[in-house]
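# Close look at the chain arrangement
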Amino acid sequence: MSSNDKPATPVKSTGLHVGAIKPGVAKKDPILIADSVRRQFGGLTAVDVEHVEIPRNAITALIGPNGAGKTTFFNLLTGFDNPNTGTWSFNGKSLAGVAAFKVARMGLIRTFQLTKALSLLTVMDNMKLGSTQQRGEKLWASMFHFLWKKKDVEIEAQALDLLKRFNLDAKKDDYAASLSGGQRKLLEMARALMTKPELVMLDEPMAGVNPALTQSLLEHILNLKKEGMTVLFVEHDMHMVRHIADWVIVMAEGKVVAEGDPHEVMRNPAVIDAYLGSHQDDDLGTITGRITLPKPGKEK
Amino acid sequence: MDVLGILSSTASFILDPTTMAYALAGLGLAIHFGFAGLLNMGMAGFMALGAYGYAIGVLTLGLPWYLAAFVGIGASIIFALILGIPTLRLRGDYLAIVTIAAAEIIRLLLLTSAFIDVTGSADGLSGFNGPGGTITNPIAGAGGFNGSNPIPDGEFGFEPFLDDERTWYLRIVGAIILAVSVFVVWRLVNSPWGRVIKGIREDEEAVRSLGKNVFAYKMQALIIGGVFGALGGLMLAFSTNVNSGVYVTSLTFFLWTALLLGGAATVFGPLVGSVIFWVLQAFLGLLFPALAKLGLLPFDSIQAAQVRFILIGVALVLLVVFRPQGIFGNKKELTFVK
């Protein structure tokens, strides 16, 4: 149903780290490095990350139990919140104290856990807002049609191309409010791509999206990597994490507790204890004892 | 009952300077609220600064009227900056509280006798439109607005718009200011800039995440809307004396009524809303006393004229509940209320 004719098995990037795998391990080519980033809300320490590096041109998953500080960490990295202490840099440039909009302009773009579609703007206007190239957004230039019209046509073409890939082109003139929850997720992601980012940070891109749409979303995320972007995403769907992530970072109680390749990490007892639980691959029915399956053999 | 007289007086409000002043200030509110989502409840303050800035510019600073007008506009820009820097980080409803208080501060500063030499305190200011000034201040207003009137003396037009050269000059200047303002706003809101501020109205975090300097856009919107408010105040000052008793909170609410009547997120809404608002105001203000005189209403005629204000309140409530998008607003935009 979705756009491309790509095969299902993604090509995993390997050999991303340097030295022995441990929380905070150095990467060969990190795009984002965070050091002793700590955020406290009153007595609660929401985030307390000693050191973490995000590998370039790979898909990194950030997982962890609810309240582990994943979204807060996202907010800190993108300038939407300020930490009590800490430094972090993107492409070697320090981002500490940099305003959120400037961070976005530097090529680090994020989406939100609670989807933020601009409801009373059309889908196309939502997309056009993503472009950072439109000088008609400046107050004085905006009054002179000829200064921005040509650029707007270009942006519209770029937007239409993206919308087609996300199966939203038929909806381009509708208000974003009329989209379903899953379509809004798609729109938010497509809109983020309009900024031509280097690092895309997706906060639970699959939450509330139906299985068929999940599949096409997965392909979109894999395509981002193919196009040279780096992806960091928060997700609770472990099948998806295993399927597309090249690297997994596990957070619990604000700290990075484990890192590694997805299959390795998910065998880590600390991760199972803190987050996954020991029945992650079992059918819920067998856990509760309501049904007994003949054999737990599932597709791997 | 003088039906024709009532209708004629009512019709004259279509071209009344007050109507134009409301339309201008309403246009400012449309930018603030309708497009940028800034809940400004202090538009009266912006209007007061426009009006007083002009009057003080002529009387105290001795400027010609067109330069004095810029004093009023400049004052509103400074006010927007002072208001915006601390408050634009606040969420919508807090901004409403702060703006209503700020407008009251402006009004009380204009009212206090501490600055009586400049502001005229409770008496307000007069004679700044000239020519010839006033008895107490004979040179005042020498460069006033009226002095620039190129229309020869006499009565022009036809009933109900049969008026002297002064009124016509005012109407023409007002219409020009209004036309230019509507054009500028139309251009602005249909540009990429307008797209950004509409995005901010919907969700400023999302717009920030796309690399837009949300604070700067909100400040620009606050200033532009404030300048239209000041132009509205100027228009009032061109036509009559200025007095702090005019720029009260209820003026802000009348503006909101006119705006919501026409449609908050529209360019022509404030204009049409103001016309309807004032025509109705005038009509009911004449109709009720006339009915009371005939004994059809249980009030005396002075009370009866006040009944319209009750009706305006009722109308505002009904409007917000049943037609929040106004006359011109896009119905679709309100189909999905957040």
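Residues numbered from 1 in each chain as written. Chains lettered and ligands numbered in written order. Predicted model: local features only at pLDDT ≥ 70, side-chain atom pairs only at ≥ 80, totals over all residues.

### A look at the overall build of chain B
Worth spelling out the cut-off: Starting at the N terminus, helices and strands are each numbered in turn, a helix being any DSSP run of H or I of at least four residues and a strand any DSSP run of E of at least two. C-alpha atoms define the radius of gyration in this analysis, and the globule rule sets the expected value at 2.2 Å times the number of residues to the power 0.38. To assign burial, the other C-beta atoms lying within 10 Å of each residue's own C-beta are counted, with C-beta atoms placed from the backbone; 20 or more indicates buried, 12 or fewer indicates exposed, and intermediate counts indicate partly exposed. With C-beta atoms placed from the backbone, a contact is any residue pair whose C-beta atoms sit within 7 Å.
Per the secondary structure count, chain B includes 13 helices and two strands. Against the globule reference of 20 Å for 338 residues, chain B gives a C-alpha radius of gyration of 20 Å, in line with a compact fold. Principal-axis analysis of the C-alpha atoms places the extent of chain B at approximately 60 × 50 × 35 Å. Here chain B holds 338 residues, and 48% of them are scored as buried. Taking the intrachain contacts of chain B between residues at least 6 apart in sequence as the baseline, contacts between residues at least 24 apart amount to 67%.

### Points about the overall build of chain A
From N to C terminus, chain A includes eleven helices and ten strands. Its C-alpha radius of gyration of 20 Å places chain A within 12% of the 19 Å reference for a compact globule of 300 residues. Its C-alpha atoms give chain A principal-axis dimensions of roughly 65 × 45 × 40 Å. Across the 300 residues in chain A, those meeting the buried criterion constitute 45%.

### Focus on the packing of helix α8 (residues 192-202) of chain B against helix α10 (residues 214-239) of chain B
All names here are of chain B. Here is the rule we go by: Inter-axis angles, ranging from 0 to 180 degrees, are taken between N-to-C directions of lines fitted to C-alpha atoms, where helices are fitted over the stretch in contact. Between 65 and 115 degrees an angle is taken as roughly perpendicular, under 35 as roughly parallel, over 145 as roughly antiparallel, and anywhere else as oblique. Each residue gets one label: Ala, Val, Leu, Ile, Met, Phe, Trp, Tyr, Cys and Pro are nonpolar, Asp, Glu, Lys and Arg are charged, and the others, such as Gly, are polar.
The geometry of α8 relative to α10 is characterised by a closest axis approach of 10 Å and an angle of 105 degrees between their N-to-C directions. Comparing their axes, α10 and α8 come out roughly perpendicular. Across from Val196, Ile197 and Ile200 in α8, the residues of α10 making contact are Val214, Tyr217, Lys218 and Ala221. Grouping the amino acids of the contact of α8 with α10 by side-chain chemistry returns six nonpolar, no polar and one charged.

### Looking at the nonpolar core
The condition is simple: The term nonpolar core means buried Ala, Val, Leu, Ile, Met, Phe, Trp, Tyr and Cys residues held together as one set by C-beta atoms within 7 Å. Where each domain begins and ends is defined by an automated method or by a domain database.
In terms of nonpolar packing, the biggest core is built from 181 residues, with A:Ala190, A:Val250, B:Leu24, B:Met47, B:Ala51, B:Ala55 and B:Leu255 touching the most fellow members. Lining this core are residues from two domains, each supplying at least three of them: domain 1 (1-117 + 195-300) and domain 2 (123-178) of chain A.

### Points about the interface of chain B and chain A
Facing 27 residues of chain B, the contacting portion of chain A comprises 30 residues. At the level of elements, α7 (165-189), α8, α9 (204-209) and α10 of chain B are the ones that each hand at least two residues to the side of chain B that touches chain A. The leading source of residues in the side of chain B that touches chain A is α8(B), at seven residues. Class assignment of the residues belonging to the side of chain B that touches chain A gives a composition of ten nonpolar, six polar and eleven charged.

### Description of the domain arrangement of chain A
Accessible area lost upon the coming together of the parts serves often as the stated size of an interface. Residues and elements named next belong to chain A. According to the domain assignment, chain A contains domain 1 (1-117 + 195-300) and domain 2 (123-178). The C-alpha-based centres of domain 1 and domain 2 are spaced at 30 Å. At the interface, six residues of domain 1 touch seven residues of domain 2. A class-by-class count of the residues in the side of domain 1 that touches domain 2 yields one nonpolar, four polar and one charged.

### Some details on the sheet that holds strand β2 (residues 44-55) of chain A
Residue and element names in this part refer to chain A. Just so we agree on the cut-off: Think of it this way: DSSP has to see at least two bridges between two strands before they count as a pair.
Read across the sheet, four strands follow the order β2-β1-β4-β5 without closing on themselves; strand pairing throughout is antiparallel. Every other strand in the sheet has two partners, leaving β2 and β5 (93-94) as the edge strands with one partner each. Here strand β1 (residues 30-41) runs beside β2; their pairing, made up of ten bridges, is antiparallel. Following the sheet pairing, phenylalanine 41 is matched in β2 by leucine 44.

### What to know about the environment of A:Trp88
Tracing the chain through its elements places A:Trp88 in strand β4 (residues 85-90). The residues contacting A:Trp88, other than those within four sequence positions of it, are A:Leu32, A:Ile33, A:Ala34, A:Asp35, A:Val37, A:Leu77, A:Leu95 and A:Ala96.

### Re the pairing of β1(A)
Successive side chains on a regular strand alternate, one facing one side of the sheet and the next facing the other. Residues and elements named next belong to chain A. If you look at the hairpin formed by β1 and β2, you'll find two residues sitting between the two strands, and glycine 42 has a positive phi there, around 60 degrees. Relative to β4, β1 runs antiparallel, the two sharing five bridges. Within β4, the residue paired with alanine 34 across the bridge is tryptophan 88.

### Side note on unusual backbone geometry
Residue and element names in this part refer to chain A. A positive phi angle, close to 35 degrees, is found at serine 36, a residue other than glycine. The topology assignment puts serine 36 in strand β1. What makes serine 36 partly exposed here is the crowd of 13 C-beta atoms within 10 Å. Even without a glycine there, the phi angle at asparagine 57 is positive, about 50 degrees.

### Considerations on the sheet that holds strand β8 (residues 230-234) of chain A
Residue and element names in this part refer to chain A. Here six strands make up an open sheet; going across it, the order is β6-β7-β8-β3-β9-β10 and the pairing mixed. Looking at the sheet topology across the chains shown, the edges are occupied by β6 (108-110) and β10 (255-260). Each adjacent strand pair in this sheet contributes to an overall mean axis angle of 20 degrees, direction not counted. Inspection of the sheet shows strand β9 (residues 247-252) paired to β10 by five bridges, in the antiparallel sense.

### Focus on the packing of helix α2 (residues 17-35) of chain B against helix α11 (residues 249-262) of chain B
Residue and element names in this part refer to chain B. Following both chains from N to C, one finds α2 and α11 inclined at 75 degrees, their axes separated by 9 Å at the closest point. As judged from the angle between their axes, α2 and α11 are roughly perpendicular. Between α2 and α11, the residues in contact are Tyr22, Ala25, Gly26, Leu29 and Ala30 and Leu255, Trp256, Ala258 and Leu259, respectively. Residues of the contact of α2 with α11, tallied by class, amount to eight nonpolar, one polar and no charged.

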